[in-house]
Amino acid sequence: MSSLPVIQKMLIEEYGLPADAVSADAVLEELGVDSLATIEFMFLLEDKFKILLSGEPGAVKTVGDIASIVDLQVSQQQGKTPASN
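What you see is a predicted model, and the numbers here were worked out from it, not measured in a lab. (Residues numbered from 1 in each chain as written. Predicted model: local features only at pLDDT ≥ 70, side-chain atom pairs only at ≥ 80, totals over all residues. Heavy atoms only, no water.)

### Details of helix α2 (residues 35-49)
Because each turn of an α-helix spans 3.6 residues, side chains separated by three or four positions in sequence point in the same direction. With 15 residues, α2 extends 21 Å between its outermost C-alpha atoms, agreeing within 8% with the 21 Å of an ideal straight helix rising 1.5 Å per residue. For α2, the complete set of buried residues consists of Ala37, Thr38, Phe41, Met42, Leu45, Glu46 and Phe49. Structurally, α2 contributes buried residues whose contacts are with α1 (4-15) and α3 (63-79). Here α2 starts with a cap whose side-chain oxygen sits 3.3 Å from the backbone nitrogen of leucine 36, and that cap is aspartate 34. Remark: lysine 50 follows α2 within two positions and exhibits a positive phi of approximately 55°. (Helix = DSSP H or I, 4+ residues; strand = E, 2+ residues; numbered from the N terminus. Expected span 1.5 Å × (residues − 1). Buried < 20%, exposed > 50% of the residue type's maximum accessible area, 1.4 Å probe, protein only. Contact = heavy atoms within 4.5 Å. Polar contact = N/O pair within 3.5 Å; in protein donor to acceptor, adjacent residues only side chain to side chain.)

### Observations concerning the environment of aspartate 65
Within the secondary structure layout, aspartate 65 lies in helix α3. Residues in contact with aspartate 65, not counting those within four places in the same chain, are Ala59 and Val60.

### With respect to α1
The first and last C-alpha atoms of α1 sit 16 Å apart over 12 residues, in line with the 16 Å expected at 1.5 Å per residue. Those residues of α1 that sit buried are Leu4, Ile7, Gln8, Met10 and Leu11. Relative to the axis of α1, the buried residues are bounded by an arc of 165° and lie together on one face. Facing away from the buried side of α1 by over 90 degrees, the exposed positions are Pro5, Lys9 and Glu13. Along its buried surface, α1 packs onto α2 and α3. (Arc of directions from axis to C-beta.)

### Structural notes on the side chain of threonine 62
For threonine 62, the location among the structural elements is in the loop between α2 and α3. When its relative accessible area of 16% is taken as the criterion, threonine 62 is described as buried. Excluding residues that lie within four positions of it along the chain, threonine 62 makes contacts with Ala24, Asp25, Ala26, Val27 and Leu28.

Following this line, the structure appears as structure tokens:
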């Protein structure tokens, strides 16, 4: 499952963006989401998806970049199983 629709909805609600502007290839800075806002948004995503995002936020340029990172973390987290006792 792709996180893109959820991320798009969150961006629209959080920053008051028009829905038609928040496509996968939309550049965050062109939407008015600067690097600080991106970092803050990543914290919201951690809470929403119950994941831990690490890495360089500078690598995130588009809405699709965010979705790719979230999807990877969700799949990695789901692939982990608790240690057997």
